[in-house]
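# Summary of structural features
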Amino acid sequence: MMISDCFAINDQGHLTIGGCDTVALAKEFGTPLYVMDEDKIRRNCRMYQDSIQQYYQGRGLVLYASKAFNCKEMCRIVNEEGLGLDVVSGGELYTALQAGFPAGRIHFHGNNKTREELSMALDAQVGHFIVDNLRELELLDALAKEKGQVADISLRIKPGIDAHTHEAVMTGQIDSKFGFALETGEALEAVRFAAQFQHVNLKGLHNHIGSQIFDIAPFLQAARVMLNFIAQIKKEVGIVIEELNLGGGFGIKYVDQDRPVPYGDYMKEISLAVVETCKELSLEVPYIYMEPGRSIVGEAGLTLYEVGGVKEIPGVRTYVSIDGGMTDNPRYALYQSDYTVMVANKANEPADQVVTVAGKCCESGDLIQEHTPIQSVEAGDLLTVLCTGAYNFSMASNYNRIPRPAVVMVKNGIPRVVVRRETYEDLIRNDQ
Ligand SMILES: *Cc1c(COP(=O)(O)O)cnc(C)c1O
């Protein structure tokens, strides 16, 4: 079984993605190369949207967290699927608007939106602002007033859930740069504060407890904490909060040992917890937002590299050098993320060698994976890293003046370039 259902092995023993032979893709488009399976992305979008239909009678919207993978074509796909879009910067917003994404379905996040970004978003009639702090609240109200608008907002709340401990424990979690803390009373204060402004309309609350989470429990706990807060606001401030954003963070399968909960199960359990808690608290079920990023695109992508030197250091390890590295995938260098690697042109052979995959940057830490099993590998082979659809292209850099790879989208076995490969000319475009 493959890590993701969009990967397979063909008669020639080559790895395929979305029905396309990776060896042929590398030949046609060059390496390094990001490849994404459009059908897989669309299936993931629908799975989330369907669960909103099923559990909330359609009273909710899935927002794709575009920081996971953002380019114009991705925005078009998300729009066609009827989802909303999260952006966290002027650049992500600009990309979405240029792709024709309806501004009304865009939610603007971020812990330090600048005056220029807020102004740009108001001018574009962005549908929703997730306000992180009091300074932003004041600034947004003032800007909206100048422009004769009223901005719909949610407040970002730290529910005090630590999703990364095995048990869902209530922790301080005050030590986060995002949002208003519940347990100090800061969040309630912010609600009272927001209620006084004329040019912001407090519609909702938002929380996001982390990323690559495999447990359902912390999500359920966060939902209950948020609903209790909504009940408290109703009682003590007299405001009805109509919308609840439950965030993203659903884990995906990078390696065999990963055991992600099927998203349908997540959605079912969270939805039941929301409906049940509302009943207990005599609250109307709020309009629900979910914000998956990684789980929409992560397993839908892979990266292809050509192998250069293979350096065997007896008694130490074997380094396999590839023609990309931390510039196109900084996640191992950043936080030792697990990945599955393969020799794409020998995909049906046993992975009986253990190697370290190294990039071409001038950094010893430029590694993609250490001590990882792989098929017998030699110079000229096509090496692939699986499940790189999220937080790879979007985190890429030009370190060492390495041009960013192209992104190829595959649909029904037909590939097309959706982001062209950077050229050397692109690299000096802004140099004076
Ligand atoms: C990053 C982020 C997401 C998406 O997280 P994933 O782990 O990619 O699903 C959702 N909401 C907010 C506020 C985020 O910052």
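All of the points below concern the structure found in this document. It should be emphasised that the depicted structure is a prediction, and the values quoted were computed from it without experimental measurement. (Residues numbered from 1 in each chain as written. Predicted model: local features only at pLDDT ≥ 70, side-chain atom pairs only at ≥ 80, totals over all residues. Heavy atoms only, no water.)

Turning our eyes to something else, we now look at the side chain of Ser 337. Here Ser 337 shows up in the loop between α11 (331-335) and β18 (341-343). Those residues in contact with Ser 337 that lie beyond four places of it in its chain are Arg 331, Tyr 332 and Gln 369. (Helix = DSSP H or I, 4+ residues; strand = E, 2+ residues; numbered from the N terminus. Contact = heavy atoms within 4.5 Å.)

Between its first and last C-alpha, helix α2 (residues 38-56) extends 27 Å over 19 residues, near the 27 Å set by a 1.5 Å rise per residue. Two or three places before Asp 39, at the start of α2, stands the capping residue Asp 37, its side-chain oxygen 3.2 Å from that residue's backbone nitrogen. One or two residues past the end of α2 sits Gln 57, with phi positive at roughly 50 degrees. (Expected span 1.5 Å × (residues − 1). Polar contact = N/O pair within 3.5 Å; in protein donor to acceptor, adjacent residues only side chain to side chain.)

Before going further, it helps to spend a moment on the pattern of salt bridges. Applying the stated criterion across every chain, the model contains 22 salt bridges. Between Glu 243 and Lys 203 there is a salt bridge, and its shortest N-O distance comes to 3.8 Å. With Glu 243 in strand β14 (residues 243-245) and Lys 203 in strand β13 (residues 200-206), the pair connects residues that are 40 residues apart, well separated along the chain. A relative accessible area of 8% places Glu 243 in the buried class. (Salt bridge = Lys/Arg side-chain N within 4 Å of Asp/Glu carboxyl O. Buried < 20%, exposed > 50% of the residue type's maximum accessible area, 1.4 Å probe, protein only.)

All chains considered together, the criterion is met by 12 aromatic pairs. Judged by centre distance (4.5 Å) and plane angle (50 degrees), the rings of Phe 250 and Tyr 266 are tilted. Of this pair, Phe 250 sits in the loop between β14 and α9 (263-280) while Tyr 266 sits in helix α9, placing them 16 residues apart in sequence. A ring pair is formed by Tyr 287 and Tyr 289, whose centres lie 5.2 Å apart and whose planes are at 70 degrees; its orientation type is edge-to-face. Judged by its relative accessible area of 22%, Tyr 287 is partly exposed. Each residue in the set Tyr 48, Phe 219, Phe 250, Tyr 263 and Tyr 266 is aromatic and connected to the rest through ring pairs, giving one cluster. (Phe/Tyr/Trp six-rings, centres within 6.5 Å; stacked < 30°, edge-to-face > 60°.)

Here we take up the environment of Leu 97. For Leu 97, the location among the structural elements is in helix α4 (residues 90-98). Between the C-alpha atoms of Leu 97 and Leu 85, which are 12 residues apart in sequence, the distance is 11 Å. Look past the residues within four positions of Leu 97 in its chain and what remains in contact with it is Ala 103, Ile 106 and Ala 124.

Before going further, it helps to spend a moment on the pairing of strand β5 (residues 60-65). With respect to burial, β5 is a largely interior element, six of its six residues being buried. Burial along β5 is two-sided: the face carrying Gly 60, Val 62 and Tyr 64 and the face carrying Leu 61, Leu 63 and Ala 65 are both buried. The sheet contact formed by β5 and strand β6 (residues 84-87) spans three bridges and is parallel. If you follow Ala 65 over to β6, its bridge partner there is Asp 86. Once the chain exits β5 it traverses helix α3 (residues 72-80) before rejoining the sheet at β6, and the crossover so formed is right-handed. (Pairing = 2+ DSSP bridges. Right-handed = clockwise from strand over helix to strand, strands pointing away.)

Time to look at the site of the ligand. Around the ligand, the surrounding shell holds 14 residues, and the nearest of these are Lys 67, Ser 211, Glu 291, Arg 294 and Tyr 391. Residue Glu 291 places a side-chain N or O atom 2.7 Å away from a nitrogen atom belonging to the ligand. Here Tyr 391 contributes a side-chain N or O atom positioned 2.6 Å from an oxygen atom of the ligand. For the ligand, whose accessible area on its own is 390 Å², the fraction buried by protein is 93%. Grouping the constituent residues of the shell around the ligand by class yields three nonpolar, seven polar and four charged. (Near = heavy atom within 4 Å. Areas by Shrake-Rupley, 256 points an atom, 1.4 Å probe, with all protein chains shown as cover. Nonpolar A, V, L, I, M, F, W, Y, C, P; charged D, E, K, R; others polar.)

Our next topic: unusual backbone geometry. The residue after Thr 31, namely Pro 32, is reached through a cis peptide bond having omega -10 degrees. Within the chain, Gln 125 stands out as a residue other than glycine whose phi angle is a positive 65 degrees. Summarising the element assignment, Gln 125 is placed in the loop between α5 (115-123) and β8 (128-131). The phi angle at Ser 282 is positive, at roughly 55 degrees, despite the residue not being glycine. Structurally, Ser 282 is set in the loop between α9 and β15 (287-290).

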